[in-house]
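Summary of the model geometry
Okay, here's what each chain looks like letter by letter:
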Amino acid sequence: MTVLQISSYAAGSWVAPGGGARAVASAITGQPLAQAGNDALDVQAMLAYARDIGGPALRALTFHDRARMLKALAQALSDHKQALYDLSFDTGATQKDHLIDIDGGIGTMFVFASKGRREMPDGQVYLDGDVEQLSRNGSFLGQHICTPLHGVAIHINAYNFPVWGMLEKLAPTLLAGVPAIVKPATSSCYVTERAVRIMLDSAILPEGALQLVSGGLGDMLDHLGAQDVVSFTGSATTALKLRQTPAIVQNAVRFVAEQDSLNASILGPDAAPGTPEFDLFIKEAHREMTTKAGQKCTAIRRILTPSAHVEAVIEALSTCLADTTIGDPRLEATDMGALISNAQKADILAKADIIGQEAERVFGDPNTFDGNPGAFLSPILFHCPDPDRARRVHDTEAFGPVSTIMGYSDLDHAAALANRGGGSLVTSLVTNEAAIAARLVHGVAAWNGRLYINNRTSMQESTGHGSPLPHMVHGGPGRAGGGEEMGGIRGVKHYMQRTAVQASPEILSAIGKIWVPGASEIKSPAHPFTRSFDELEIGETLHTPARTVTLDDIEHFAQFTGDTFYAHMDDAAAKRNPFFTGRVAHGYLLLSFAAGLFVQPDEGPVLANTGLDALRFMQPVSAGDSIKVRLTVKQKTRRNAEYGEVRWHVTLTNQNDEKVAEYELLTMNSIAAQPV
Ligand code: NAP
């Protein structure tokens, strides 16, 4: 069999393996499969290529441009995913495992593409939070903004997810506008290399946006500076070593670490054998032990059960494990494939021996596959009879199909045991009692990046204890590395600098491309509802005439809608209310009158009213008062070939120019003057 030559992509060229290349074996056969790495890689040229060519090209694009790019990349990978599946079997992964790594990675990229367009502006500055009022009259305001770092992101990934591990970091990085150099773990880098080739061949990315190091990273980390980021996933030992690199410490280089984790799953005291929750707990524990042969950072390492149910859990889980077909991952009948390598298998067995000093092995024979050249291993289940005195079961990660059952006496005890992991990526809880869940959340949330709570109501649609989702934060405190990835747009901010900007409304509007109250208004040349999305300018404003509100209006609205709340109907009762001096108009009546004042009724570019945000009623309106409206284009976003969303700032004032209501109105507007 020919040995695959796994290249790096450096400063615009593919570089074949050379001196110092590392050998990679197939997980299934143990035979040589590939070689990767080249000591002559010019890491400084790679850094310069990213910073000087990739960075400026990405920063010239808007968040929406970059989101569209991510979507196209995800599509290109999806079109070629069979090639990735074919290669990935040799890592020991089954087709089901590919769905998590390859389809999961592509799905993550699609989610960031969609979130980028929905939640970020079609501009180059991301506004982080609301405007802060720093002065009495509003002439000096504050706004936090996020802009892309001017450096490069170095992504160092673990071997277990060669595709997802890359894409969950790459998507937020590119969306932020920062170039990346990806360094996959050598033992599965042949899958990552193919995925990088697919992306580069698609010619979607600007030059310099993506490079790849297959094999060793050389002294790249010694050349990092203040605008660079390292995103690391792997063992705590490697993280500790890398984060102490002098250049990283001296230049305060951001170092995001996702490390190993002694995750726990807790069976609620209500979830006795015979309940749907008990069966669910066993199913999830079994899945976490066997998916990817237990090589998941989020896998359940510690199974916490009420002491009374320890025996039942051992029995039920052992039955499921005995029913697990282990073997060639390419075969459909196989439930669990191989570990990545025999070296990894030896490491797991050594760790299992450590756990075995404090716990009894209740399922699995470590010698089952002795003599097989592949890295196959039976699942191994331990029971720890004294988890309070034990230490190693709480700190030893055997990164394979190995888990330890331990009993607890009450909820506080369960929380204390779970927290002895020293900080975890995830803890799950299976209970049908909301009060139990609430109590445990208080006990364990501070020690976990994610809590996964499941029961009969949610089990059909739940996403799995071990599945990090692009929408939700992945990472955990302490032992888990103290890092945070994904979590929607939060994950993009790891690659941007947050800056507090203090200035006048006019200047803040110009920076954020969003109208800020107090900034100057642009008089609309025609009614703004007759102007297309592209014609409307930020700050364009309509002032309506006033309309007087009468008692008849209030009566009519009350009878018509059925809203006869006393404050609108009964003068004496309204007076007894601390907020009113007598009968007041309905807030919704005011909103309706406002629409009547600002709407232009003809068919035109406004296609639909899609919502209303941040509504506040600030001052009561009584019969005899008059209201008028100021309607201003605050923001334009989510433009496609046909229409885009306009956010209008709406202020209602009374005859004394006091604000009575304020809100933001959303409309979808055609990009042409007439609907297309
Ligand atoms: P590892 O041995 O710590 O390696 C992780 C990465 O660091 C690999 O790419 C490795 O490259 C690289 N590396 C090692 N030494 C380096 C050095 N001196 N300079 C630059 N890079 C270096 O971990 P692994 O065996 O690949 O993965 C298993 C571990 O990762 C487990 O402990 C697991 O819990 C953890 N993990 C955590 C998460 C999470 O999200 N928290 C996810 C997956 C895995 P080489 O392969 O070339 O040595």
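Source: prediction; values computed, not measured. (Residues numbered from 1 in each chain as written. Predicted model: local features only at pLDDT ≥ 70, side-chain atom pairs only at ≥ 80, totals over all residues. Heavy atoms only, no water.)

Some remarks on the overall build of the protein chain
Rules: A helix here means a DSSP run of H or I that spans at least four residues, while a strand means a run of E at least two residues long, and both kinds are numbered starting from the N terminus. Residue burial is assigned from relative accessible area. The probe radius is 1.4 Å, only protein chains are included, and a residue is buried under 20% of its type maximum, exposed over 50%, and partly exposed in between. Throughout, a contact is declared for two residues whenever any of their heavy atoms are within 4.5 Å. Calculation of accessible area relied on Shrake-Rupley with a 1.4 Å probe; when residues are assessed, cover is drawn exclusively from the protein chains displayed.
Check the secondary structure of the protein chain and you find 20 helices and 29 strands. In the protein chain, buried positions account for 55% of the 676 residues. Long-range pairs, those at least 24 residues apart, make up 73% of the contacts in the protein chain between residues at least 6 apart in sequence. When the accessible area of the protein chain is evaluated, it comes to approximately 27,800 Å², of which 52% is carbon and sulfur surface.

A few points about the pairing of strand E9 (residues 180-183)
In plain terms, the rule: When DSSP finds at least two bridges between two strands, those strands are taken to pair. Look down the strands so they point away from you; if the path from the first strand over the helix to the second goes clockwise, the crossover is right-handed.
By the alternation rule, side chains of E9 split into Ala180 and Val182 and Ile181 and Lys183, which are all buried. Where strand E8 (residues 153-156) meets E9, four bridges bridge the pair, whose relative direction is parallel. Bridge pairing in E9 links Ile156 to Lys183. Each parallel crossover has a hand, and the one from E8 via helix H5 (residues 164-176) to E9 is right-handed. Once the chain exits E9 it traverses helix H6 (residues 189-201) before rejoining the sheet at strand E10 (residues 210-212), and the crossover so formed is right-handed.

Regarding the site of the ligand
Heads up, the rule is: We call a residue near a molecule or strand as soon as one heavy atom of that residue lies within 4 Å of the molecule or strand. Distance and chemistry together define a polar contact, namely a pair of N or O atoms within 3.5 Å, with one atom able to donate a hydrogen and the other to accept it when in protein, and with adjacent residues in sequence counting only for side-chain atoms on both sides. The residue classification treats Ala, Val, Leu, Ile, Met, Phe, Trp, Tyr, Cys and Pro as nonpolar and Asp, Glu, Lys and Arg as charged. All others, Gly included, are polar. The split into domains, and so the bounds of each, comes from an automatic or database assignment of domains.
Not every one of the 26 residues close to the ligand is listed here, only the nearest: Arg22, Thr186, Ser235, Thr238 and Glu397. Residue Asp260 places a side-chain N or O atom 3.5 Å away from an oxygen atom belonging to the ligand. For the ligand, whose unbound accessible area comes to 910 Å², protein coverage reaches 82%. Of all the secondary-structure elements, those providing two or more residues to the shell around the ligand are strand E11 (229-233) and helix H7 (236-243). With three residues, the top contributor of residues to the shell around the ligand is H7. Broken down by class, the residue content of the shell around the ligand amounts to eleven nonpolar, nine polar and six charged. Counting only domains with at least three residues in the shell around the ligand, you end up with domain 1 (41-260 + 491-496) and domain 2 (264-466).

Focus: the pattern of salt bridges
Selection criterion: Every case where a carboxyl oxygen of Asp or Glu lies within 4 Å of a side-chain nitrogen of Lys or Arg is listed as a salt bridge.
For the structure on display, the rule yields 30 salt bridges. Here Arg68 ties to Asp65 by a salt bridge, and the two come within 3.1 Å at their closest N and O atoms. Pair noted here: Arg68 and Asp65 are both in helix H2 (residues 63-79), with a separation of three residues, about one helical turn. On the basis of relative accessible area, Arg68 is assigned to the partly exposed category, the value being 39%. Where Lys81 meets Asp103, a salt bridge forms, and the shortest distance between an N and an O atom there is 2.8 Å. Of this pair, Lys81 sits in helix H3 (residues 81-88) while Asp103 is found in helix H4 (residues 95-119), placing the two residues 22 residues apart along the sequence. Asp103 sits in the partly exposed class, given a relative accessible area of 22%. Linked through salt bridges whose partners overlap, the residues forming this network are Asp613, Lys634, Arg647 and Glu664.

Some thoughts on the domain arrangement of the protein chain
Entries for the protein chain in the domain assignment read domain 1 (41-260 + 491-496), domain 2 (264-466) and domain 3 (521-670). In this structure, domain 2 and domain 3 have C-alpha centres spaced 56 Å apart.

So, the sheet that holds strand E6 (residues 126-133)
Keep this limit in mind: Every axis corresponds to a line fitted to the C-alpha atoms, with the helix fit spanning only the stretch in contact, and the corresponding angles, defined between N-to-C directions, vary from 0 to 180 degrees.
Spatially, E6-E7-E22 is the arrangement adopted by the three strands of the open sheet, whose pairing is antiparallel. Each edge of the sheet is formed by a strand with only one pairing partner; in this case those strands are E6 and strand E22 (496-503). Averaged over all pairs of adjacent strands, the angle between their axes in this sheet comes to 20°, without regard to strand direction.

What to know about the pairing of strand E24 (residues 540-543)
Note that strand E23 (residues 522-523) and E24 share two bridges and pair parallel. Looking at the pairing, Lys523 lines up with Thr541 of E24. Relative to strand E27 (residues 626-637), E24 is paired through three bridges, and the arrangement is antiparallel. Opposite Leu542, over in E27, you have Leu631 as the bridge partner.

Here's the deal with the side chain of Ser7
Here Ser7 shows up in the loop between strand E1 (4-6) and strand E2 (8-10). Accessibility expressed as a relative area gives 8% for Ser7, which makes it buried.

With respect to helix H20 (residues 587-598)
Convention followed: How far a helix is expected to stretch is found by multiplying one less than its residue total by 1.5 Å.
With twelve residues, H20 should cover 16 Å at 1.5 Å per step; its first-to-last C-alpha distance of 17 Å lies within 8% of that length. Buried residues of H20: Gly587, Leu589, Leu590, Leu591, Phe593, Ala594 and Phe598, and no others.

Regarding the nonpolar core
The following threshold applies: Residues belong to a common nonpolar core when they are buried Ala, Val, Leu, Ile, Met, Phe, Trp, Tyr or Cys residues joined through side-chain atoms within 4.5 Å.
In terms of nonpolar packing, the biggest core is built from 59 residues, with Leu77, Met109, Leu167, Leu170 and Met199 touching the most fellow members. When residues no more than four places from it in sequence are discounted, the contact partners of Leu167 are Leu77, Gly105, Ile106, Met109, Pro172 and Met199. Counting residues in hydrophobic clusters, the runner-up holds 31 residues, among them Ile355, Ala398, Tyr408 and Leu411.

Here's the deal with the packing of H3 against H4
The condition that has to hold: Roughly parallel means an angle under 35 degrees; roughly antiparallel means over 145; roughly perpendicular covers 65 to 115; every other angle is labelled oblique. Here is the rule for handedness: rotate from the far helix to the near one, and if that takes an anticlockwise turn smaller than a right angle the crossing is left-handed, while a clockwise turn gives right-handed.
The geometry of H3 relative to H4 is characterised by a closest axis approach of 10 Å and an angle of 135° between their N-to-C directions. Of the possible angle classes, the one that applies to H3 and H4 is oblique. As for the relative orientation of H3 and H4, their crossing is right-handed in sense. The residues of H4 that touch H3, namely those facing Lys81, Leu84, Tyr85 and Ser88, are Gln95, His98, Leu99, Asp101, Ile102, Asp103 and Ile106. Class assignment for the residues of the contact of H3 with H4 results in five nonpolar, three polar and three charged.

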